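Listed here are the chains, written in short residue letters.
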Amino acid sequence: MSEVKETKAQRVERLKREKNAWEHFDEIRAFARQGHVSIPPEWLGTYFRSWGVYTQGDGAGVVGGKNGEGKATPFFMVRIRIPNGLLSSHQARTIADLAERHARGVADITVRQNVQLHWVTIEALPEVLETLWRVGLSTTGACGDVARNITGCPLAGFDAHEYCDASPLALELNGQLGGNAEFYNLPRKFKTSITGCRSWCTYPEINDVGLTAVTRKRLHGEEIGFSLRVAGGLSTDPHLGVRLNAFVRWEQAVPVVRGVAELFRESEVLRQNRERARLKFLFLQHGWTAESFLAALQERLGFALDPAEREELPSDIHRDHVGIHAQKQQGFSYIGANVLRGRITPEQLRTAANLSDRYADGHLRNTIMQNLLIVNVPNEHAARVAGELTAVGLPVRASAFARGTVACTGSEFCKLALTETKGFARWLTEELDQRLPGFQEQLKLHITGCPNSCGQHWIADIGIEGKKIKQDGRMVDAYYFCVGGSVGEFASIARPVGYRCAASEVPDAIERVLSEFNERRDSSENLRRFFARHSNEQIRAWLAGELVAAVERDAAAGPVPMGVEG
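Please read these numbers as outputs of a predicted model, since none were measured by experiment.

Topic: the overall build of the protein
Logical step 1: Within the protein one finds 16 helices and 21 strands.
Logical step 2: Whereas a compact globule of 566 residues would reach a radius of gyration of roughly 24 Å, the protein reaches 23 Å, a difference of no more than 12%.
Logical step 3: Projected onto its principal axes, the C-alpha coordinates of the protein cover approximately 75 × 70 × 50 Å.
Logical step 4: When the 566 residues of the protein are sorted by exposure, 62% land in the buried category.
Logical step 5: Of the roughly 21,400 Å² of accessible surface on the protein, 48% is carried by carbon and sulfur atoms.
Logical step 6: Once the 68 positive and 68 negative side-chain charges of the protein are each reduced to a mean point, those two points are 2 Å apart.

This is how it looks when you write it as structure tokens:
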């Protein structure tokens, strides 16, 4: 009788059951002493991930390998977990030092407020991890089948219009979920967002669990609590979070998030297929509803949640926090610097840290639009701080294209990507600035290098997904267009319009469609509404410059491996 071969899902589940990698730092130390050749496949492919560590690709992306994954090099990407985006100046300088010493000067702010280092060797990895621990930072749980970084409003405590400062809850949740052995072995990644702001700048709609502040009237005044959404996520099967009929009181927030994580952990049906293992698939494939999920959650909690209260959905706004803005604290401002494509140098990090120490109180913030903020700047110093940030390439006044562009890691480092994205993002924004000078419309232009949507193209005004096409006999980078994605009041998944072109032709396509927008828009009409009232055929014709037939997205023929989004 022939031996039954273990599936990928079965192998990963077995490895996670056999070992909690967080308890085996000694093995990482041994690998560092013995060199890269000593690392077994189960560490390279599974165990390192829960430590926030991925093997780094060779620059060719997925096409350079086989079975849906590119070739790995003897280097690692190390993701640093930054709960709620909260950074001290000392921590920022530590990251800058590590990037300079061990990462060839490369650091990326991610779409989950983390920071990623690249080019890290196994010999340097223990020192990198221990150095981070000494300043209160960690990589534990930044990747893998675990509870990922807890995102929150970077202006928590400073936003003059916020319902509440929810960052204490984010930090408490980070302590309970991040690195907790109870949540080491989840079916897949688990993402949490909690915010007290009115603009929902953390995109709770695309998290596994999203809490957004609301108020309700009580006998002795107003009570602040939270709306609850579950099962949001993007990747190849985008799904906006489902709002449950629940008002979550402040003291219930942590137990509720833990309860959702426990339901996810114990869902055996989600452990059968790695590509269908996120929480959203309970709704997409297994018949769960808002009502059945709430019932299961309340049974686990052991108490009933009050019915939901009316909430105010945020309208179409940028949410990037770039610029000089007044805080709730009279006489103080926060300074938001644009970090184009999220890539930041050691010099820039040190400059921001030093400015924060010199003119503010030593605190910085990362945003999910991959930008960097300095908070608590006295108004009389705001212009000076903005000028010094701009002088090192972190502009406080940026064009609509620079402000709105988000880019995933791309084939430069990612083994799953089809296209290079970081350098492309810089070139694309420069081209659009030259072609459409003075364009002022708020624009979300998201670039993702493969179907995994790490660049979140499904919620962008214009989202482009990396492809490969043959041109003049050779394969070149290309992008497929989706338009009209949004979150908040008009939340919707961007719709594929059937147009694909070589990466070199993308500026032409965007210039054409935005020129049509400028000429044809109704008064005060934004891009999302403009796209909504035009057909795919019309938008495709504008992108192409002529009437063209629709093309398929050319989704991967086989299963798409797990993404590496930040």
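Back to the text.
Details of helix 2 (residues 25–34)
Logical step 1: Among the residues making up helix 2, those that are buried are F25, I28, A30, F31 and A32.
Logical step 2: Two residues or fewer after helix 2 comes G35, characterised by a positive phi angle close to 95°.

Here we look at the pairing of strand 18 (residues 445–448)
Logical step 1: Side chains of strand 18 alternate between two faces, with L445 and I447 and H446 and T448 buried alike.
Logical step 2: Examined bridge by bridge, strand 17 (residues 405–407) and strand 18 share three bridges and lie parallel to one another. Residue pairing across strands places V406 opposite H446, the latter belonging to strand 18.
Logical step 3: Note: strand 18 against strand 19 (residues 462–471), four bridges, orientation parallel. Bridging across to strand 19, T448 finds its partner in E465.

Some remarks on the packing of aromatic side chains
Logical step 1: Summed over the entire model, instances satisfying the criterion amount to 23 aromatic pairs.
Logical step 2: Residues W51 and W133 carry aromatic rings whose centres are separated by 6.3 Å and whose planes lie at 40° to one another, so their mutual orientation is tilted. Of the two residues, W51 sits in the loop between helix 3 (41–50) and strand 1 (53–57) while W133 sits in helix 5 (residues 125–134), which places them 82 residues apart along the sequence.
Logical step 3: In this structure W51 comes out as buried when scored by relative accessible area, which is 3%.
Logical step 4: Judged by its relative accessible area of 35%, W133 falls in the partly exposed class.

What to know about the side chain of K415
Logical step 1: Here K415 is to be found in the loop between strand 17 and helix 13 (422–435).
Logical step 2: Here T55 takes part through its side chain, which lies 2.4 Å from a polar atom of the side chain of K415.
Logical step 3: Beyond its immediate stretch of four places on either side in the chain, K415 contacts T55, Q56, G57, G61, V62, E69, G70, K71 and A72.

Focus: the sheet that holds strand 4 (residues 107–109)
Logical step 1: The antiparallel open sheet is built from five strands, whose spatial order is 1-2-5-4-14. Looking at which strands have only one partner, the edges of the open sheet turn out to be strand 1 and strand 14 (343–344).
Logical step 2: With four bridges connecting them, strand 1 and strand 2 (residues 72–80) associate as antiparallel partners. Across the sheet, the residue bridging to Y54 is M77, located in strand 2.
Logical step 3: Running at roughly 20° to strand 5 (residues 115–120), helix 4 (residues 89–102) makes contact with strand 2, strand 4 and strand 5 of the sheet.

Remarks on the sheet that holds strand 15 (residues 363–366)
Each strand in a sheet pairs with another by means of backbone hydrogen bonds, the pair being arranged parallel or else antiparallel.
Logical step 1: The five strands are arranged 3-15-16-13-12 in an open sheet whose pairing can be described as antiparallel. Every interior strand has two partners, whereas the edge strands, strand 3 (86–88) and strand 12 (323–326), have only one. Ignoring strand direction, the axes of neighbouring strands in this sheet form an average angle of 30°.
Logical step 2: Where strand 3 and strand 15 come together, three bridges link them in antiparallel fashion.

Rules used throughout
- Counting restarts for each chain: residues are numbered from 1 in the order of the written sequence.
- Whole-chain, interface and lining totals are the exception, using all residues; otherwise, since this is a predicted model, local features are given only for residues with pLDDT of at least 70 and side-chain atom pairs are given and counted only at 80 or more.
- Working from all heavy atoms in the structure, the side-chain values ignore hydrogens and water.
- Secondary structure elements follow DSSP: runs of H or I of four or more residues count as helices, runs of E of two or more count as strands, with numbering from the N terminus.
- The size measure is the radius of gyration over C-alpha atoms, and the globule rule it meets is 2.2 Å times the number of residues to the 0.38 power.
- Per-residue accessibility, obtained with a 1.4 Å probe over protein chains only, is compared with the maximum for each type, and a residue is labelled buried under 20%, exposed over 50%, and partly exposed between these values.
- Only the protein chains shown count as cover for residues, and the accessible areas themselves come from Shrake-Rupley with a 1.4 Å probe.
- The charge count includes Lys and Arg as positive and Asp and Glu as negative, but it does not include His or the ends of the chains.
- Charge placement uses NZ in Lys and CZ in Arg. For Asp and Glu, CG and CD serve respectively.
- Strand pairing is defined by DSSP finding a minimum of two bridges between the two strands.
- Any pair of Phe, Tyr and Trp rings, taking the six-membered ring for Trp, is counted once the centres come within 6.5 Å. Such a pair is stacked with planes under 30 degrees apart, edge-to-face with planes over 60 apart, and tilted for the rest.
- Here a polar contact is taken to be a pair of N or O atoms separated by no more than 3.5 Å, where protein atoms must pair a possible hydrogen donor with a possible acceptor and residues adjacent in sequence count only if both atoms sit in side chains.
- The contact criterion used is simple: two residues touch if any of their non-hydrogen atoms lie within 4.5 Å.
- Each axis is a line fitted through C-alpha atoms, and for a helix only the stretch in contact is used; angles between axes span 0 to 180 degrees, taken between their N-to-C directions.

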